Amino acid sequence: MIEINNLGKVYSGGRSYTRALGGVDLSIPKGSVYGIIGLSGAGKSTLVRCLNLLERPSEGQILINGQDLTVLSGEELRKARRRIGMIFQHFNLLSSRTVAENIAFPLEIDGMKKAEINKIVDELLPLVGLSDKKDSYPSELSGGQKQRVGIARALALKPDVLLCDEATSALDPQTTLSILNLLKDINRELGLTIVIITHEMKVIKEICTHVAVLHDAKCVENATVEEVFTSPKSDIAREFVSSVFPAELPEDLLRELSSHKDSELVRINFLGDTASKPIINGLITECGVQINILYGSVEHLRSSLFGNLILEIRGTDEQRGLAHEYLKSNSLVFSYLNRGGADA
Amino acid sequence: MPDSVYLLKMLNLVSPAVWETIYMVFASGVLAYIIGMPLGIYLVVSSKGHILPSPMVEKTLGTVINILRSAPFIVLMVALIPFTRAVVGTSIGTTAAIVPLVISTAPFVARIVETSLKEVPSGVIEAAQSMGASPWQIITKVLLPESKSSLILGAAITAINVVGYTAMAGAVGGGGLGDLAIQYGYNRFRTDVMIITVAVLVIIVQLIQTLGMRLAVRYSYGRKI
Ligand SMILES: Nc1ncnc2c1ncn2[C@@H]1O[C@H](COP(=O)(O)OP(=O)(O)OP(=O)(O)O)[C@@H](O)[C@H]1O
Ligand SMILES: [Mg+2]
């Protein structure tokens, strides 16, 4: 439902010239929670700000439900923006307005009648769990509560899309989790498409269905979260994945184990169904190899299980060949750590 | 001990001057805001990266304001005599003093308002833009309400400044407490009148400052000011 075609953005002022985005193509499906991750300065904020034209792209198109935003201006653009909610790292609430008045703000902007506004505000307050803070001012709220107001405000006009730029970066881990859960609920209940900018892989892991990796103004990888977590293609994506699932063995241990001539080190990723299969048992009984577990973790990715194992497989060449076939036939994602180039 | 006759005389002498001063401060303050406030708003919104960027306008307006502000009030007042006469028919008296007071205060107001509005964080303006707010809505629903307490403090500073100017205007026949101080305190060596005039001026300034501070706190909604 959001099509980003060859999006480019150049900041030029005086002597400086920064290419913040260089030809980004993305397609964000309706109802998805689309994460965009990248290091600082990769161009994430620029990308998300281009989506509602807070930043005018230098080139390319942005189609939301088939409508090209980049050709709009004035009142047409303002109308289109009302279909796109946005929340911010520093909340950006109006300090002179109460919680209820902040949520009412976009409705006032839209020219809605007072009675109607009050009705919508009263519906939104419980949704974000702030019924008892209705008449508080932002200065009296915690960071998490402020972001909840930001979310309610962004949802007030019932947008099709919600943009989040580092929406949890100013919050502690526990509050982050509660905000992410709120976003997850909203996505499920309202069917809202959510675009999340972050530099933290744990945010992606928690709620995203898709992820795009931005690096040096380019999109280097984009796929479903499962694909990127189980088989990241770019170095930068691999780095991000290992930041939440640290499955690297210490160098010297790896060297020592690699010197065994009849053993192999294999890394296996499980996802969903395969996580509950008795793989190790199968390897031992069906292939006759000996198994040594060097590393293991089972985490959850959004709401499915995601396992990560590093095994040492010992046995004759033939037995190890059988093991290889076994892993393959169970459609597991695996890779050898010490078998020069050979893998699944 | 001063007797009651003396007190009555003094009251008759000072109170009209107090009212003249209040009239001048109030009238020229209001008129200066009517002119200066839109200019201040325009200076902000036309600046680079704001909601109606227009570097040419910002620069021109800024220069005009700087020129007007660099002329000392007393010089401006004398220079404006022909203009004042054309506008109000005379160049002497309280009403005539209002003309130069407004012309020198309006650019000051523009800068003070500009400073207050610039305190509104750009993120808040951006949030309003992202909700599809028009420039006019951003000015009336974001910039002005968000800087209310700062605008009030600015108004108090402006008013205190104008009190000072009215005293100067008094020196050239503008009426008010300045006039009184010159005529009695300076020309007729009435030290008692001089002292009372100064005391009344101090009280007026204190009242304005206190009122401004109170209102600013009331409209700060728990933020630091
Ligand atoms: N308004 C601007 N003017 C000039 N250059 C800018 C502007 N905004 C961003 N840039 C530059 O564009 C590049 C991308 O910036 P952007 O803010 O999109 O990065 P980011 O991925 O959001 O980083 P972070 O994680 O630190 O927020 C950076 O090199 C930055 O310096
Ligand atoms: Mg950023």
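Scroll up for the structure.
None of the values given here were measured: they were computed from a predicted structure. (Residues numbered from 1 in each chain as written. Chains lettered and ligands numbered in written order. Predicted model: local features only at pLDDT ≥ 70, side-chain atom pairs only at ≥ 80, totals over all residues. Heavy atoms only, no water.)

## With respect to the pattern of salt bridges
All names here are of chain A.
Consideration 1: On inspection of all chains with the given rule, the structure shows 20 salt bridges over all chains.
Consideration 2: A salt bridge links Glu75 to Arg78, with the nearest nitrogen and oxygen atoms 3.2 Å apart. Taken as a pair, Glu75 and Arg78 lie in helix 2 (residues 74-81) at a separation of three residues, close to a single helical turn.
Consideration 3: You can call Glu75 partly exposed: its relative accessible area is 39%.
Consideration 4: Residue Arg320 is joined to Asp317 by a salt bridge in which the shortest nitrogen-to-oxygen separation is 2.5 Å. (Salt bridge = Lys/Arg side-chain N within 4 Å of Asp/Glu carboxyl O. Helix = DSSP H or I, 4+ residues; strand = E, 2+ residues; numbered from the N terminus. Buried < 20%, exposed > 50% of the residue type's maximum accessible area, 1.4 Å probe, protein only.)

## As for the pairing of strand 6 (residues 84-87) of chain A
Residues and elements named next belong to chain A.
Consideration 1: On strand 6, burial covers both faces: Ile84 and Met86 on one face and Gly85 and Ile87 on the other are all buried.
Consideration 2: The sheet contact formed by strand 6 and strand 7 (residues 161-165) spans four bridges and is parallel. The residue of strand 7 that forms the bridge with Ile87 is Cys164. (Pairing = 2+ DSSP bridges.)

## A word on unusual backbone geometry
Residue and element names in this part refer to chain A.
Consideration 1: Although it is not a glycine, Asp216 adopts a positive phi angle of roughly 45°.
Consideration 2: The residue Asp216 is located in the loop between strand 9 (210-215) and strand 10 (218-224) in this model.
Consideration 3: The class for Asp216 is exposed, based on a relative accessible area of 58%.
Consideration 4: Even without a glycine there, the phi angle at Ala217 is positive, about 70°.
Consideration 5: Here Ala217 shows up in the loop between strand 9 and strand 10.

## Structural notes on the site of ligand 1
Residue and element names in this part refer to chain A.
Consideration 1: As a structural note, the neighbourhood of ligand 1 is formed by Tyr11, Thr18, Ala20, Leu39, Ser40, Gly41, Ala42, Gly43, Lys44, Ser45, Thr46 and Glu166.
Consideration 2: Within the side chain of Lys44, an N or O atom sits 2.7 Å from an oxygen atom of ligand 1.
Consideration 3: In the model, an oxygen atom of ligand 1 is placed 2.5 Å from a nitrogen or oxygen of the Thr46 side chain.
Consideration 4: Expressed as a share of its isolated accessible area of 630 Å², the protein-covered part of ligand 1 is 58%.
Consideration 5: When contributions to the shell around ligand 1 are tallied by element, the ones reaching two or more residues are strand 2 (16-28) and helix 1 (44-51). (Near = heavy atom within 4 Å. Polar contact = N/O pair within 3.5 Å; in protein donor to acceptor, adjacent residues only side chain to side chain. Areas by Shrake-Rupley, 256 points an atom, 1.4 Å probe, with all protein chains shown as cover.)

## A few points about the environment of A:His199
Residues and elements named next belong to chain A.
Consideration 1: If you trace the backbone, His199 turns up in the loop between strand 8 (193-198) and helix 7 (201-207).
Consideration 2: Separated by 90 residues in the primary sequence, His199 and Val289 place their C-alpha atoms 42 Å from one another.
Consideration 3: Discounting chain neighbours no more than four positions away, the residues touching His199 are Ile37, Gly38, Lys44, Glu166, Ser169 and Phe240.
Consideration 4: Polar contacts involving the side chain of His199 include one to the side chain of Glu166, which spans 3.1 Å. (Contact = heavy atoms within 4.5 Å.)

## Brief notes about helix 2 of chain A
Think of an α-helix as turning once every 3.6 residues; residues three or four places apart then point the same way.
Consideration 1: Along helix 2 of chain A, the positions that sit buried rather than exposed are A:Leu77, A:Arg78, A:Ala80 and A:Arg81. Buried residues of helix 2 of chain A fall within an arc of 160° about the axis and therefore sit on the same side. Among the exposed residues of helix 2 of chain A, those pointing more than 90 degrees away from its buried face are A:Glu76 and A:Lys79.
Consideration 2: Buried positions along helix 2 of chain A lie against strand 5 (67-68) and strand 6 of chain A together with helix 6 (122-130) and helix 7 (135-146) of chain B. (Arc of directions from axis to C-beta.)

## Thoughts on the packing of helix 1 (residues 4-45) of chain B against helix 10 (residues 191-218) of chain B
Residue and element names in this part refer to chain B.
Consideration 1: For the pair helix 1 and helix 10, interaxial distance at closest approach is 11 Å and the crossing angle is 50°. With respect to their mutual orientation, helix 1 and helix 10 come out oblique. The handedness of the crossing between helix 1 and helix 10 comes out as right-handed. Residues Tyr6, Met10, Leu13, Val14 and Val18 of helix 1 pack against Asp192, Val193, Ile196 and Val200 of helix 10.
Consideration 2: Looking at the contact of helix 1 with helix 10 residue by residue, the class counts come to eight nonpolar, no polar and one charged. (Axes fitted to C-alpha atoms, helices over the stretch in contact; angles between N-to-C directions. Parallel < 35°, antiparallel > 145°, perpendicular 65-115°, else oblique. Left-handed = near helix turned anticlockwise from the far one by under 90°. Nonpolar A, V, L, I, M, F, W, Y, C, P; charged D, E, K, R; others polar.)

## So, the side chain of A:Asn269
Consideration 1: Its place among the elements puts A:Asn269 in strand 11 (residues 263-271).
Consideration 2: From its side chain, A:Asn269 meets the backbone oxygen of A:Thr230 in a polar contact 3.0 Å long.

## Re the interface of chain A and chain B
Consideration 1: Contact with chain A, which involves 23 residues of that partner, is made by 20 residues of chain B.
Consideration 2: Of the roughly 1,900 Å² buried between chain A and chain B on both sides combined, carbon and sulfur atoms contribute 58%.
Consideration 3: Of all residues in chain A, A:Ser95, A:Ser96 and A:Ile109 bury the most surface against chain B, accounting for 26% of the area lost on that side.
Consideration 4: A salt bridge links A:Arg49 to B:Glu126; the nearest nitrogen and oxygen atoms lie 2.7 Å apart.
Consideration 5: Viewed at the interface, chain B and chain A are joined by eight residue pairs in polar contact (both at pLDDT 80 or more).
Consideration 6: Taken together, the elements giving at least two residues each to the side of chain A that touches chain B come down to helix 2, strand 6 and helix 3 (99-109) of chain A.
Consideration 7: Considering every element that reaches the side of chain A that touches chain B, the biggest residue donor is helix 3 of chain A, with four residues.
Consideration 8: Residues belonging to the side of chain A that touches chain B are distributed by class as follows: 11 nonpolar, five polar and seven charged. (Buried area = accessible area lost by both parts, 1.4 Å probe.)

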